[in-house]
Amino acid sequence: MKSCGREMVPSNSKLALERLLAQHFPAVDTAGFHFEAVNGSGRGCWHVRVGDRQLLARPQTTEAAQLGVFRQREYRILRQLSARQLAPKPVVYRDDWLIVEWATGATASAQDFSGVLENGSLAQLLSQLHRQPCCGFRLNLPMRFIHHWQNMDPRRRSPALLRWHHHF
């Protein structure tokens, strides 16, 4: 929680985001920011329109941190990948907010997905991504799996998943 005048607001609130954007885009009147909640990309994410620019604002939440997602790390990785046109360009990371350029896309149908599997374009993109130099952040899969196992709904645990748990 950060103090903001007389009231206490979470550091990842929309109000904190508005302040950050006003600092990063000083030439834009705050009335020029248009916010739309984004479903499916995590809690508290916003599609932000600033003049002719479109951005995605993603907060650092407690839940994300518990899953090993850290927006500052994500910012650094996106800087590397966006330089190779493999990811959206990050704009700023500050005050527990990651702001990146908006990547316009479409929801793929089952037929669309089958098409990219069959023509090899998805495999080609994944191959290109995995050939990139290491980003300096080790991925501790055993620890992530243990954490996931401990926090998942017990009804989702299966014998196959239990075998993987013991494997780690």
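Refer to the structure above for everything that follows.
Residue positions are given per chain, counted from 1 along the sequence in the order it is written. Totals for whole chains, interfaces and linings use all residues, but because this is a predicted model, local features are given only for residues with pLDDT of at least 70 and pairs of side-chain atoms are given and counted only at 80 or more. Note that the side-chain values use all heavy atoms of the structure and ignore hydrogens as well as water.

*Asks:* Help me out: how do you make sense of the overall build of the protein chain in this one?
*Replies:* Secondary structure summary: the protein chain contains seven helices and seven strands in total. A run of DSSP states H or I qualifies as a helix once it reaches four residues; a run of E qualifies as a strand once it reaches two. Both are numbered from the N-terminal end. The secondary structure elements of the protein chain, listed N-terminal to C-terminal, are β-β-α-β-β-β-α-α-β-β-α-α-α-α. Across the 168 residues that make up the protein chain, the buried fraction comes to 27%. By definition, residues are in contact when any of their heavy atoms lie within 4.5 Å. Of the contacts made within the protein chain by residues no fewer than 6 positions apart, 42% connect residues no fewer than 24 positions apart. Areas reported as accessible are Shrake-Rupley estimates using a 1.4 Å probe. Residue values count occlusion only from the protein chains shown. Looking at the protein chain as shown, the accessible area adds up to about 11,800 Å², and 54% of this sits on carbon and sulfur atoms. Between buried and exposed lies partly exposed: a residue is buried under 20% and exposed over 50% of the maximum accessible area for its type, with that area taken using a 1.4 Å probe on protein chains only.

*Asks:* Got a minute to help me understand the side chain of glutamate 74 in this structure?
*Replies:* Its place among the elements puts glutamate 74 in helix α3 (residues 71–82). Residue classification places glutamate 74 among the buried residues on the basis of a relative accessible area of 18%. If sequence neighbours within four positions are ignored, glutamate 74 has contacts with Arg58, Val69 and Leu98.

*Asks:* I'm lost on the packing of aromatic side chains in this one. Help?
*Replies:* The geometry of an aromatic ring pair is captured by the separation of the ring centres together with the interplanar angle, meaning the angle of the planes. Stacked, edge-to-face and tilted are the three classes for Phe, Tyr and Trp ring pairs, Trp counted by its six-membered ring, which pair at centre distances within 6.5 Å; planes under 30 degrees apart are stacked, over 60 edge-to-face, the rest tilted. A complete count under the given rule lists two aromatic pairs for this structure. A ring pair is formed by phenylalanine 33 and phenylalanine 35, whose centres lie 6.5 Å apart and whose planes are at 50 degrees; its orientation type is tilted. Judged by relative accessible area, phenylalanine 33 falls into the buried class, the value being 6%. Ring geometry for phenylalanine 35 versus tryptophan 46: centroids 6.1 Å apart, planes at 85 degrees, classification edge-to-face. You can see phenylalanine 35 sitting in strand β3 (residues 33–37) and its partner tryptophan 46 sitting in strand β4 (residues 46–50), a full 11 residues away along the chain. Here tryptophan 46 falls in the buried class, since its relative accessible area comes to 18%. Feature note: the residues Phe33, Phe35 and Trp46 constitute an aromatic cluster, connected by ring pairs.

*Asks:* Hey, could you run me through the packing of helix α6 (residues 141–151) against helix α7 (residues 159–167) in this one?
*Replies:* Axes are the key here: two packed helices are described by the angle between their axes and the distance separating the axes. Where α6 meets α7, the closest approach of the two axes is 10 Å, and the angle between their N-to-C directions is 140 degrees. Taken together, the axes of α6 and α7 lie oblique to each other. Note that α6 runs across α7; the crossing there is left-handed. In contact with Phe145, Ile146 and Trp149 of α6, α7 contributes Leu161, Leu162, Trp164 and His165. Think of it as three bins: nonpolar holds Ala, Val, Leu, Ile, Met, Phe, Trp, Tyr, Cys and Pro, charged holds Asp, Glu, Lys and Arg, and polar takes everything else, Gly as well. Counted by class, the contact of α6 with α7 contains six nonpolar, one polar and no charged residues. Axes, fitted as lines to C-alpha atoms, cover a helix only where it is in contact. Angles between the N-to-C directions of the axes lie from 0 to 180 degrees. For classification, angles of less than 35 degrees are called roughly parallel, those exceeding 145 degrees roughly antiparallel, those between 65 and 115 degrees roughly perpendicular, and all remaining angles oblique. Note on convention: near helix rotated counterclockwise from far helix by under a right angle means a left-handed crossing. Clockwise means right-handed.

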